[in-house]
Amino acid sequence: MVAPRILILGPPGAGKGTQSSNLAQEYGVEHVTTGDALRANKQMDISDMDAEYDTPAAYMDAGDLVPDKVVNAIVEKALSQANGFVLDGYPRNLEQAAELEGMTDLDVVLSLDVSREELIDRLTGRRVCDDCSANYHVEFSPPEEAGVCDECGGDLIQRDDDNEGSVRNRLDVFDENTQPVIDHYRNDDDFVVIDGEQTPGEVWADIRAAVDAQIE
Ligand code: ADP
Ligand code: ADP
Ligand code: ZN
């Protein structure tokens, strides 16, 4: 089987990161995530990229989009080195979607559907591993020992942007910029809507069935 090229779409908190880990493991593909890539380079100097601010951090902490030029370059490089991938966190606007079309074809486009109330609860309770980026939730998906990563023993932290003010802005940015991207893919043959409000295991079962059906 050829390694699939998977795009996973959905609002902040929908479970993209959680399910991308499952996909990467099950299909042996690379998890390409712009959020993690940018967090690892938050203080990078982007002043030569006609940006309003000098670092990604200024955009990210407020929950605004980092300029397209910066993000497009990250994705282009990551995809050119990947043999099969699950792309998470990109494209977030129609300009990025057009850019992606020039970079690669896709085998499956998954769209995780979750209500706004649930997203706020998920994001404000999210904890992430400072070392390996594994995802937890204080209530819905707690680690065995509070504050410690089950996978690697690293410290669990709350992201700077998982506070209520930034969360609400990110959801507004999603509605305005990213919802049109989902609508852009909606009529494609490889587009599949997944009910993201089920348990993580149920969501995963639906995703795996959808991917298997598309790549058969
Ligand atoms: P995204 O990458 O789309 O922003 P995450 O995968 O980081 O979303 O999930 C957001 C939060 O919700 C995390 O705390 C995660 O543990 C939790 N979570 C993920 N999937 C589910 C689910 N199906 N039900 C309840 N909580 C979930
Ligand atoms: P979540 O899924 O919880 O919204 P991510 O980890 O995907 O969070 O992204 C965190 C932040 O990184 C975003 O709020 C934004 O500032 C920046 N970011 C990530 N991906 C992109 C992108 N494709 N375009 C612009 N900014 C991005
Ligand atoms: Zn860890």
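Structural data are supplied above this passage.
Predicted model, so just to flag it, every value in this text is computed and none were measured.

## A look at the overall build of the chain
Argument step 1. The helix and strand inventory of the chain stands at 8 helices and 8 strands.
Argument step 2. Its C-alpha atoms give the chain a radius of gyration of 17 Å, near enough to 17 Å, the size a compact globule of 216 residues would have.
Argument step 3. By principal-axis analysis of the C-alpha atoms, the chain measures approximately 45 × 40 × 30 Å.
Argument step 4. For the chain, with 216 residues in total, the buried portion stands at 47%.

## Description of helix H4 (residues 68-80)
Argument step 1. Here H4 spans 18 Å end to end across 13 residues, near enough to the 18 Å set by a 1.5 Å rise per residue.
Argument step 2. Among all positions of H4, only Val70, Val71, Asn72, Val75, Ala78 and Leu79 are buried.
Argument step 3. In this structure, the buried side of H4 is in contact with strand E2 (30-33), helix H2 (34-39), strand E3 (85-88) and helix H5 (94-103).

## Concerning the coordination of the zinc ion (ligand 3)
Metal coordination angles have textbook ideals: 109.5 degrees for a tetrahedral set of four donors and 90 or 180 degrees for an octahedral set of six.
Argument step 1. Coordination sphere of the zinc ion (ligand 3), protein contribution only: Cys129 (SG), Cys132 (SG), Cys149 (SG) and Cys152 (SG), at 2.3 to 2.4 Å.
Argument step 2. Every donor counted, the 4 donor atoms about the zinc ion (ligand 3) form angles of 100 to 115° at the centre, which fits tetrahedral coordination.
Argument step 3. By relative accessible area, Cys152 is classed as partly exposed at 40%.

## With respect to unusual backbone geometry
Only a minority of non-glycine residues have a phi that is not negative, and only a minority of peptide bonds are not trans.
Argument step 1. Cis geometry marks the peptide bond from Tyr90 to Pro91; its omega dihedral reads 0°.
Argument step 2. Relative to the helices and strands, Pro91 is located in the loop between E3 and H5.

## Concerning the sheet that holds strand E7 (residues 156-157)
Argument step 1. Reading across the sheet, the 3 strands line up as E6-E5-E7 and stay open at both edges, with antiparallel pairing between neighbours. Edge positions in the open sheet fall to strand E6 (135-137) and E7, since each of these has one partner strand only.
Argument step 2. Bridge count for strand E5 (residues 126-129) against E7 is 2 bridges, and the pairing is antiparallel. Residue pairing for E7: Val128 is matched across the bridge by Ile157.
Argument step 3. Sitting on the sheet, helix H6 (residues 116-124) is in contact with E5 and E6, with an inclination near 45° to E5.

## Description of the site of ligand 2
Argument step 1. Near ligand 2 you find 19 residues, and of these Thr34, Asp64, Gly89, Arg126 and Arg170 are the closest.
Argument step 2. A distance of 2.8 Å separates an oxygen atom of ligand 2 from a polar side-chain atom of Arg170.
Argument step 3. Notes on ligand 2: free accessible area 550 Å², of which the protein chains cover 97%.
Argument step 4. Among the elements that take part in the shell around ligand 2, H2 stands out by supplying 4 residues, more than any other.
Argument step 5. Across the shell around ligand 2, the residue classes break down as 7 nonpolar, 4 polar and 8 charged.

## A closer look at the site of ligand 1
Argument step 1. In the region of ligand 1, 19 residues are neighbours, and Gly13, Lys16, Thr18, Arg126 and Tyr136 sit closest.
Argument step 2. Here an oxygen atom of ligand 1 and a side-chain polar atom of Asn135 are 3.2 Å apart.
Argument step 3. Protein contact buries 93% of the 560 Å² of open area that ligand 1 shows by itself.
Argument step 4. Sorting the residues of the shell around ligand 1 by element identifies helix H1 (16-27) and E6 as the ones contributing at least two each.

Quick notes on the rules
- Residues numbered from 1 in each chain as written.
- Chains lettered and ligands numbered in written order.
- Predicted model: local features only at pLDDT ≥ 70, side-chain atom pairs only at ≥ 80, totals over all residues.
- Heavy atoms only, no water.
- Helix = DSSP H or I, 4+ residues; strand = E, 2+ residues; numbered from the N terminus.
- Rg over C-alpha atoms; globule rule 2.2 N^0.38 Å.
- Buried < 20%, exposed > 50% of the residue type's maximum accessible area, 1.4 Å probe, protein only.
- Expected span 1.5 Å × (residues − 1).
- Contact = heavy atoms within 4.5 Å.
- Donors = N, O, S within 2.8 Å, 3.2 Å for Na, K, Ca; no water.
- Tetrahedral: all angles 85-135°; square planar, octahedral: opposite > 155°, others 65-115°.
- Pairing = 2+ DSSP bridges.
- Axes fitted to C-alpha atoms, helices over the stretch in contact; angles between N-to-C directions.
- Near = heavy atom within 4 Å.
- Polar contact = N/O pair within 3.5 Å; in protein donor to acceptor, adjacent residues only side chain to side chain.
- Areas by Shrake-Rupley, 256 points an atom, 1.4 Å probe, with all protein chains shown as cover.
- Nonpolar A, V, L, I, M, F, W, Y, C, P; charged D, E, K, R; others polar.

Spatial relationships are all this shows, so hold off on functional conclusions.
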